[in-house]
Amino acid sequence: PRLHNRRTWVSECVFLSILDLTEQIQARRSVKKEWQAAWLLKAVTFIDLTTLSGDDTSSNIQRLCYKAKYPIREDLLKALNMHDKGITTAAVCVYPARVCDAVKALKAAGCNIPVASVATGFPAGQTHLKTRLEEIRLAVEDGATEIDVVINRSLVLTGQWEALYDEIRQFRKACGEAHLKTILATGELGSLTNVYKASMIAMMAGSDFIKTSTGKETVNATFPVAIVMLRAIRDFFWKTGNKIGFKPAGGIRSAKDSLAWLSLVKEELGDEWLKPELFRIGASTLLSDIERQIYHHVTGRYAAYHDLPMS
Amino acid sequence: MAATRAGPRAREIFTSLEYGPVPESHACALAWLDTQDRCLGHYVNGKWLKPEHRNSVPCQDPITGENLASCLQAQAEDVAAAVEAARMAFKSWSVHPGIVRAQHLTRLAKVIQKHQRLLWTLESLVTGRAVREVRDGDVQLAQQLLHYHAIQASTQEEALAGWEPMGVIGLILPPTFSFLEMMWRICPALAVGCTVVALVPPASPTPLLLAQLSGELGPFPGILNVISGPASLVPVLASQPGIQKVAFCGALEEGRALRRSLAGECAELGLALGMESLLLLTDTADLDSAVEGVVDAAWSDRGPGGLRLLIQESVWDEAMRRLQERMGRLRSGRGLDGAVDMGARGAAACDLVQHFVREAQSQELNYDTLASLFPQPAGWAEIGPSPAPPYGLFVGGRFQAPGARSSRPIQDSSGNLHGYVAEGGAKDIRGAVEAAHQAFPGWAGQSPGARAALLWALAAALERRKSTLASRLERQGVELKAAEAEVELSARRLRAWGARAQAQGHTLQVAGLRGPVLRLREPLGVLAVVCPDGWPLLAFVSLLAPALAYGNTVVVVPSTACPLLALEVCQDMATLFPAGLANVVTGDRDHLTRCLALHQDVQAMWYFGSAQGSQFVEWASAGNLKPVWVSRGCPRAWDQEAEGAGPELGLRAARTKALWLPMGD
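Because the structure is predicted, anything quoted here is derived from the model rather than measured.

**Some words on the overall build of chain B**
When helices and strands are tallied, chain B shows 24 helices and 24 strands. In chain B, which comprises 665 residues, the proportion classed as buried is 52%. Considering only residue pairs separated by 6 or more positions, chain B has 76% of its internal contacts joining residues 24 or more positions apart. As displayed, chain B offers around 28500 Å² of accessible surface, 55% of which is attributable to carbon and sulfur atoms.

**Here we look at the sheet that holds strand 3 (residues 115–119) of chain A**
Residues and elements named next belong to chain A. In spatial order, the strands read 7-6-5-4-3-2-1-8; together these eight strands make up an open sheet with parallel pairing. The two strands at the open ends of the sheet, each matched to only one other strand, are strand 7 (245–247) and strand 8 (281–283). Taking the axes of each pair of neighbouring strands and ignoring which way they run, one obtains an average angle of 25 degrees across the sheet. Sheet topology note: the strand 1 (residues 47–50)/strand 2 (residues 91–94) ladder contains three bridges and is parallel. Each bridged residue has a counterpart across the sheet, and for Leu49 the counterpart in strand 2 is Val92. Against the sheet, helix 8 (residues 161–175) touches strand 4 (146–150) and strand 5 (179–183), its axis set at about 150 degrees to strand 5.

**A few points about the sheet that holds strand 4 (residues 56–60) of chain B**
All names here are of chain B. Read across the open sheet, the three strands follow the order 1-5-4; overall the sheet is mixed. Of all strands in the sheet, those bounded by a partner on one side alone are strand 1 (39–40) and strand 4. Bridge count for strand 1 against strand 5 (residues 67–72) is two bridges, and the pairing is parallel. From the neighbouring strand, Cys39 faces strand 5, where its bridge partner is Ser70.

**Concerning the side chain of Glu24 of chain B**
Residue and element names in this part refer to chain B. Its place among the elements puts Glu24 in the loop between helix 1 (10–16) and helix 2 (27–35). A distance of 3.0 Å separates the side chain of Glu24 from the side chain of Arg135, its partner in a polar contact. Dropping the residues within four chain positions of it, Glu24 is found in contact with Arg117, Trp120, Val131, Arg135 and Leu336.

**Some details on the packing of aromatic side chains**
All names here are of chain A. Counted by the stated rule, this structure contains 17 aromatic pairs over all chains. With a centroid separation of 6.4 Å and an interplanar angle of 10 degrees, the aromatic rings of Phe246 and Phe279 are classed as stacked. Of this pair, Phe246 sits in strand 7 while Phe279 sits in the loop between helix 11 (255–269) and strand 8, and the two are 33 residues apart along the sequence. For Phe279, a relative accessible area of 0% puts it in the buried group.

**Points about the confidence of the model for chain B**
Residue and element names in this part refer to chain B. Considering every residue of chain B, the mean pLDDT works out to 85; 89% of them sit at 70 or more. Per-residue pLDDT stays below 50 along residues 1–6; that stretch engages in 17 contacts with residues further than four places along the chain or on separate chains. Segment residues 364–389 is flagged for pLDDT under 50; beyond a separation of four residues in sequence, or across chains, it makes 37 contacts in the model. Model confidence for the complex is summarised by a pTM of 0.77, with the ipTM given as 0.80.

**A look at the UniProt feature "active site" (unreviewed entry) in chain A**
All names here are of chain A. UniProt tags Lys211 and Lys247 as "active site" (unreviewed entry). The annotated residues occupy 37 residues of the chain but converge on a single region, no pair of C-alpha atoms lying more than 4.4 Å apart. Of note, Lys211 is situated in strand 6 (residues 209–211). Aside from chain neighbours lying at most four places away, what touches Lys211 is Asp148, Thr182, Ile183, Leu184, Ala185, Met229, Lys247 and Ala249.

**Structural notes on the domain arrangement of chain B**
How large an interface is tends to be reported as the accessible area lost when its parts come together. Looking at the assigned domains, one finds that chain B contains domain 1 (26–58 + 74–243), domain 2 (277–333) and domain 3 (399–602 + 635–660). Using C-alpha coordinates to define each centre, domain 1 of chain B is positioned 42 Å away from domain 3 of chain B.

**As for the pairing of strand 19 (residues 526–530) of chain B**
All names here are of chain B. When you tally the buried positions in strand 19, you get five out of five residues, the bulk of the element. Burial along strand 19 is two-sided: the residues Val526, Ala528 and Val530 and Leu527 and Val529 are all buried. One ladder, built from five bridges, connects strand 19 with strand 20 (residues 553–557); its direction is parallel. Opposite Ala528, over in strand 20, you have Val555 as the bridge partner. Taking the sense of rotation as the criterion, the β-α-β connection linking strand 19, helix 19 (residues 538–549) and strand 20 turns out right-handed. The sheet contact formed by strand 19 and strand 22 (residues 604–607) spans four bridges and is parallel. The partner of Val529 across the bridge, within strand 22, is Trp606.

**Topic: helix 10 (residues 223–240) of chain A**
Between its first and last C-alpha atoms helix 10 of chain A spans 25 Å; for 18 residues at 1.5 Å apiece the expected length is 26 Å, and the two agree. Looking at the residues trailing helix 10 of chain A, positive phi occurs at Gly241 of chain A, about 80 degrees.

**Brief notes about the pattern of salt bridges**
Applying the stated criterion across every chain, the model contains 56 salt bridges over all chains. In this structure, the salt-bridge partner of Lys247 of chain A is Asp148 of chain A, at a minimum N-O distance of 2.9 Å. Linking Lys247 of chain A in strand 7 with Asp148 of chain A in strand 4, this pair joins segments that are 99 residues apart in sequence. Neither residue differs from the other here; Lys247 of chain A and Asp148 of chain A are each classed as buried. Between Arg329 of chain B and Glu267 of chain A there is a salt bridge, with its nearest N and O atoms 3.6 Å apart. Here the residue Arg329 of chain B occupies a position in the loop between helix 13 (316–327) and helix 14 (346–361), and Glu267 of chain A occupies one in helix 11, the pair thus bridging two chains. Salt bridges linked by common partners bring Asp48, Glu146, Asp148, Lys181, Lys211, Lys247 and Arg280 of chain A together as one network.

**A look at the packing of helix 10 of chain A against helix 13 of chain B**
Running from N to C, helix 10 of chain A and helix 13 of chain B point in directions that differ by 115 degrees, and their axes come no closer than 14 Å. Note that helix 10 of chain A runs across helix 13 of chain B; the crossing there is right-handed. Contacts from Arg234, Asp235 and Trp238 of chain A in helix 10 of chain A reach Arg321, Arg322 and Glu325 of chain B in helix 13 of chain B. For the contact of helix 10 of chain A with helix 13 of chain B, the per-class residue count stands at one nonpolar, no polar and five charged.

**Remarks on the state of the cysteines**
Residues and elements named next belong to chain B. Scanning all chains against the criterion turns up zero disulfides over all chains. Cysteine Cys28 remains unbridged, with the sulfur of Cys59 as its closest cysteine sulfur at 15 Å. Sulfur of Cys595: no disulfide; nearest cysteine sulfur belongs to Cys531 and is 16 Å away.

**A few points about the pairing of strand 8 (residues 224–228) of chain B**
All names here are of chain B. Of all five residues that make up strand 8, five are buried, and the element is covered over most of its length. Side chains of strand 8 alternate between two faces, with Leu224, Val226 and Ser228 and Asn225 and Ile227 buried alike. Across five bridges, strand 7 (residues 195–200) lies against strand 8 in parallel orientation. Looking at the pairing, Val197 lines up with Asn225 of strand 8.

**Considerations on a nonpolar patch on the surface**
Side chains of Leu160, Trp163 and Leu651 of chain B sit close together on the surface and give an oily, nonpolar patch of about 290 Å² of accessible area. Assignment of secondary structure puts Trp163 of chain B in the loop between helix 7 (156–159) and strand 6 (168–172).

**Digging into unusual backbone geometry**
Here the bond from Phe122 of chain A into Pro123 of chain A is cis, since omega is 0 degrees, no more than 30 degrees from zero. Relative to the helices and strands, Pro123 of chain A is located in the loop between strand 3 and helix 6 (129–142). Phi is positive for Asp37 of chain B, which is not a glycine, with a value near 55 degrees. Checked against the element boundaries, Asp37 of chain B lands in the loop between helix 2 and strand 1. Classification of Asp37 of chain B by relative accessible area gives exposed; the value is 66%.

**A short note on the side chain of Glu423 of chain B**
Mapped onto the elements, Glu423 of chain B comes out in the loop between strand 16 (417–422) and helix 15 (426–444). Of note is the side chain of Glu423 of chain B, whose polar atom sits 2.7 Å from the side chain of Arg408 of chain B.

**Brief notes about the environment of Cys175 of chain A**
Residues and elements named next belong to chain A. Position of Cys175 among the secondary structure elements: in helix 8. The class for Cys175 is buried, based on a relative accessible area of 1%. Residues Cys175 and Glu141 lie 34 residues apart in sequence; the distance between their C-alpha atoms is 9.8 Å. In contact with Cys175, not counting residues within four places along its chain, are Ile136, Val140, Ile147 and Leu180.

Conventions we followed
Residues numbered from 1 in each chain as written. Chains lettered and ligands numbered in written order. Predicted model: local features only at pLDDT ≥ 70, side-chain atom pairs only at ≥ 80, totals over all residues. Heavy atoms only, no water. Helix = DSSP H or I, 4+ residues; strand = E, 2+ residues; numbered from the N terminus. Buried < 20%, exposed > 50% of the residue type's maximum accessible area, 1.4 Å probe, protein only. Contact = heavy atoms within 4.5 Å. Areas by Shrake-Rupley, 256 points an atom, 1.4 Å probe, with all protein chains shown as cover. Pairing = 2+ DSSP bridges. Axes fitted to C-alpha atoms, helices over the stretch in contact; angles between N-to-C directions. Polar contact = N/O pair within 3.5 Å; in protein donor to acceptor, adjacent residues only side chain to side chain. Phe/Tyr/Trp six-rings, centres within 6.5 Å; stacked < 30°, edge-to-face > 60°. pLDDT = per-residue confidence, 0-100. UniProt positions renumbered as here; feature names shortened; annotations may be inferred. Domains from an automatic or database assignment. Right-handed = clockwise from strand over helix to strand, strands pointing away. Expected span 1.5 Å × (residues − 1). Salt bridge = Lys/Arg side-chain N within 4 Å of Asp/Glu carboxyl O. Left-handed = near helix turned anticlockwise from the far one by under 90°. Nonpolar A, V, L, I, M, F, W, Y, C, P; charged D, E, K, R; others polar. Disulfide = S-S within 2.5 Å. Patch = residues over 30% accessible without salt bridge, like charges linked within 9 Å, V, L, I, M, F, W, Y side chains within 5 Å.

This is the structure:
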């Protein structure tokens, strides 16, 4: 769809009582006991298991990929009668230079978990468009099937929506067959209205997912921002019939947090969005906490640090 | 590896991703009921009152129907005992300095905090309301309220200098009410030094628990007394001689009946009727957030009186689509489940809904049952027609001949004829009210500054007319010096109210909400004023000035003995004021009062006259439930600042509207 035909979709809008709602979402929709265990296992299948550090090496990546394949200890899954469900994380997410390592490790482990690569000058996006596009192409060549691109925040802050649309179109083209996940870096967009507009434009330009943050900003995935993005996704679906995915990332560390995110998506978009094709959680340490909670649910004890394998 | 504890259902839930129950234990509420042997009486003067030979009603879990306790129903003598206890407590509670009451209220807030789990569990168990709502809303807000009013009490000596606590307040609560609603009414009463007797519907243990917590605090056990009983006790409580004010919350018709039965009694009456909220949804709104607000207000457990939602046509479809979608996700269930949006409402709420429906079906009202109380005055027909009365009625900005074409003679203090004034009747009142209504939108829309300017202009005109006015007063037996002083004081009053209206603009409050709250002082509408007989100029001006300053338009009945002074002022108003702003109707005061009090389109009425007249005005006000201010035959010192121009007049001349301005981002 061309942007100028759809300009009214990005009309002026204000967001009022979102804070009120978000304060209640955790309290209103808690799940306990076996409901909690089942929800946590479901959350595992949404995780993009991520490592984005300067000190990533091939052995780190190998360990990460193994953890992605076996996210929860086999005996715990057996106790829950879930061992035959093939529970893995949704993807692994790495820097472009580590894509080769990840593809190799996953192949060795004999599984088809997709490899996601960040790109386009992650995390700031402050490099030339030419190199940003080249970065996407190289990651795809190395075997990444999902590309997490960052948008150019300066275009949002100066109101150059057409230019933003055109850039994301070019990202889309560079991705080819790979899925395009567009990071809005909402912590740097200034207002909820900007978040809504940027979400709409990212979806119109052909993103498969919209993602909250890089995890490197000072403010990352927050509920008010998420609700605005989820409502943009719903509005887009009502207008076009296309379901676009949602990926919160950054700062989601505890099992309890992940439950709140699941219920938020369930409340705002409904059960049909609760599948890995439409919902991801970007996280690195979250998985360990979920495994600890499952351990406690199964055994009634709290796990020691060495009881569970690291990721 | 420890033994497996996992249930068999995880597999299914993994696929369906359904929510599960999040039950809260109600053991502490049952334990408290056990301390009363599952039999609740009343709480009076710091003690449980469980008289013998009383009927009892069961207090049930609205979901399971399980009997939780039996509650004794009060009889008239139990009510009398509670009022007596409150009256005794008032003697010590009211004389303490505000800071002592502030400390006591703060301690009560702490006790509520200490027992908050018991409070929210009991409230949720008995009423079926969602526990989250009670726990995160009511109980927390109740503590904030107590702290707020404690602070108010501590500054009372300065902030409310010259005001006195009324005495014992009789609080009547509707069949369904929230813990918080009760606190809204109890806290301010206690803070200023009043004591409270609350009549709660049968099987409401939470107020009793609150009274117990308050009573066990020590030095002031009788300040809060709770009686549990049927609605038939409402008139009994209201007519107890020790009660100074009745605060009634409930249905419109019951309030109307209470207004009539309390007419002329010494107890003041405050009415909170219907309590419906209004929500406007315009096309500039963020529809999703607005829908969230609607659902919160209407289908969670907040608004007992219901909600009226008005949607702008251009966003109707979008708003309804979102509303229906949101409603589809609403979860209801047991109140003590932590994850429901809406608890069970119980049988009483169901009855209330049906009551509203019935009420809507029978909108016909009967005003005439007590009309014989205040008969048509005899004698006004005796006054013969006068060929050329010098003064007409001042209606719609000019002097007009009265409908009856008759006039009445006015005598001066020595018994000589002073002049003729028109004899107004029902039709003249009708015309005056119509004229006032036509002028109202324009006047209410004026800025306070413009209103002040007009009052100042009238003050200047009054000073120019000083010698005429003073000589008129002199003929009524006022000494020249005093007469001149009265004219000067009248002009000062006009200026003072103009200045006050300008200075006391609308205020901005910072509340715990997102976005500021505007506190608006809005005019009442068409205000009818019946002036006292004494102080023919000063009382007239002292009443006119605040009424106009706050944006009302008025229909005034001036002093019967000497209406000429008011009519002199009308000559200036005719040139200065917009037509219909102030209308002055002379004639038989009782007859005109009757016409105004029974007028359904007069929004408020002030009456300064006999006790019998006051009783009638109160009774008749039940028709459209207009706020009335009556003197009950007590004289007022109009030349004193406190009584003639005190803040009370300003408070009576306008009403407060709170406007929340939610903000984005």
